[in-house]
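Read off the chains here:
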Amino acid sequence: MQRSSGLVLHPTSIPGAFGIGDFGPGAYRFVDFLHAARQGLWQILPLGPTSFGDSPYQCLSSMAGNPLLISPELLQAQGYLPAGALAQAPTFPPERVDYCVVTEWKTALLKQAHAGFTRLLAQDAALAAAYATFCHDNAHWLDDYASFSALKQQFGGLPWNEWPAPYRLRDAATLADWQQTHASAQDEVRFIQFEFSRQWQ
């Protein structure tokens with residue numbers, strides 16, 4: 001095996017303009033730096049959606065990606081966000097990640113991006129096909145995760161074992177009714193995972 005070297009760096013630690021490192025321009029600059037420094041490896045920590053404490057080793061899913069790693073710049077470049085949307089970002093501390101502020105802002109931004117994405121689906125056949133393929137190919141985990149994530153948000157972030165009994169025990173009739181009336185919330189989760197997968201690739 002040829003000897004090689006590299007660095008350990010979680011993407012959240014990459015410098016950026018929006019309070020936390022992500023898959024945007026900062027990540028590309030870091031890869032360029034690795035190449036210039038003749039480093040062959042970039043070791044990262046888990047990339048899943050984090051729970052209490054925001055540790056990458058305490059993820060809510062082994063399959064889903066962390067929404068905070070989605071780049072606002074790339075969302076805007078794809079036409080999901082209106083001009084000026086990023087100019088409304090709050091001032092973030094430069095030396096650390098304030099997860100409360102970042103999460104609140106990015107959650108609202110991703111909701112806005114989902115609305116823009118939904119409008120584009122009706123106009124862009126290639127995008128619609130790519131999204132349909134992603135949802136189909138990942139349905140074995142994505143559908144349950146979309147329901148779980150939307151329910152967790154509805155119940156204020158409580159752990160699933162503190163949800164009302166019909167949801168906690170996965171009562172089929174209750175879940176079927178809820179999924180029908182909360183289709184948009186679940187589709188937003190699917191969009192976030194679709195966009196995460198595209199930016200990560």
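Remember, it's a predicted structure, so these values are computed and weren't measured experimentally. Along each chain, numbering runs from 1 in the same order as the chain's sequence is written. Totals for whole chains, interfaces and linings use every residue, but because this is a predicted model, local features are given only for residues with pLDDT of at least 70 and side-chain atom pairs only at 80 or more, for both listing and counting. Water and hydrogen atoms play no part in the side-chain values, which are based on all heavy atoms of the structure.

Student: Tell me about the overall build of the protein, residues and numbers included.
Tutor: Helix numbering and strand numbering both begin at the N terminus, where a helix is a DSSP run of H or I of at least 4 residues and a strand a DSSP run of E of at least 2. Summing up its helical and strand segments, the protein has 8 helices and 2 strands in all. We call a residue buried when its accessible area falls under 20% of the maximum for its residue type, exposed when it is over 50%, and partly exposed in between, using a 1.4 Å probe and counting protein chains only. Looking at the 201 residues of the protein, the share that counts as buried comes to 37%. We call two residues in contact whenever any of their non-hydrogen atoms come within 4.5 Å of each other. Once local pairs closer than 6 in sequence are excluded, the contacts in the protein between residues at least 24 apart make up 65%. Of the roughly 11,600 Å² that the protein leaves accessible, carbon and sulfur atoms contribute 57%. The accessible surface values rely on the Shrake-Rupley method and a 1.4 Å probe; as for residues, cover is taken only from the protein chains in view.

Student: Can you lay out the side chain of Lys152 for me, pointing to particular residues and giving the numbers?
Tutor: Inspection of the secondary structure assignment puts Lys152 in helix α5 (residues 139-154). For Lys152, the residues in contact, after removing those within four places along its chain, are Leu60, Gly157, Leu158, Pro159 and Trp163.

Student: So what about the nonpolar core? Which residues, and what values?
Tutor: Within the largest apolar cluster, 33 residues are counted, with the highest numbers of intra-cluster contacts made by Leu75, Tyr80, Leu81, Phe117 and Phe191. Those elements that provide at least two residues to this core are α3 (99-121), α4 (125-137), α5 and α8 (183-200). With 6 residues, α3 is the single largest residue contributor to this core. Residues in contact with Phe191, not counting those within four places in the same chain, are Leu75, Tyr80, Leu110, Ala113, His114, Phe117 and Tyr131. The term nonpolar core refers to a set of buried residues drawn from Ala, Val, Leu, Ile, Met, Phe, Trp, Tyr and Cys, joined through side-chain atoms within 4.5 Å. Counting 7 residues, the second-largest nonpolar core is a separate cluster that includes Ala150, Phe155, Trp163 and Tyr167.

Student: Let's hear about the packing of aromatic side chains: which residues, and what values?
Tutor: In summary, the pairing rule links any two rings of Phe, Tyr or Trp, Trp by its six-membered ring, whose centres are within 6.5 Å, and it sorts them by plane angle into stacked for under 30 degrees, edge-to-face for over 60 and tilted for everything else. Inspection of every chain in the model, using the stated rule, returns 18 aromatic pairs. When the centroid spacing of 5.8 Å and the interplanar angle of 50 degrees are considered together, the rings of Phe117 and Phe194 count as tilted. Placement of Phe117 in helix α3 and of Phe194 in helix α8 is noted, with a sequence separation of 77 residues between them. Considered together, Phe117 and Phe194 belong to a single accessibility category, that of buried residues. Ring centres 5.3 Å apart and planes at 65 degrees place the aromatic pair Phe155 and Tyr167 in the edge-to-face group. Separated by 12 residues along the polypeptide, Phe155 in the loop between α5 and α6 (165-168) and Tyr167 in helix α6 bring together distant segments of the chain. Comparing Phe155 with Tyr167, the two get one shared label, buried. Linked through ring pairs, Tyr80, Phe117, Tyr131, Phe134, Phe191 and Phe194 together constitute an aromatic cluster.

Student: Explain the side chain of Gln199 residue by residue, including any values.
Tutor: Looking at the element boundaries, Gln199 is found in helix α8. A relative accessible area of 7% means that Gln199 is categorised as buried. Sequence-distant contacts of Gln199, that is, excluding residues within four places in its chain, are made with Phe23, Leu69, Ile70, Ser71, Leu74, Leu75 and Gln78.

Student: I'd like a rundown of the packing of α5 against helix α7 (residues 172-181), residues and numbers included.
Tutor: Simply put, an axis is a line fit to the C-alpha atoms, just over the touching stretch for a helix, and the angle between two N-to-C directions goes from 0 to 180 degrees. One can describe the packing of α5 onto α7 by two numbers: an axis separation of 12 Å at closest approach and a directional angle of 85 degrees. Taken together, α5 and α7 sit at an angle that is classed as roughly perpendicular. Between α5, through Ser147, Ala150, Leu151 and Gln154, and α7, the contact on the second element is made entirely by Leu175, Trp178 and Gln179. For the contact of α5 with α7, the class distribution of residues is 4 nonpolar, 3 polar and no charged. Roughly parallel covers angles under 35 degrees, roughly antiparallel covers those over 145, roughly perpendicular covers 65 to 115, and oblique covers all other angles. Ten residues, namely Ala, Val, Leu, Ile, Met, Phe, Trp, Tyr, Cys and Pro, are considered nonpolar, four, namely Asp, Glu, Lys and Arg, are considered charged, and the remaining ones, Gly among them, are considered polar.

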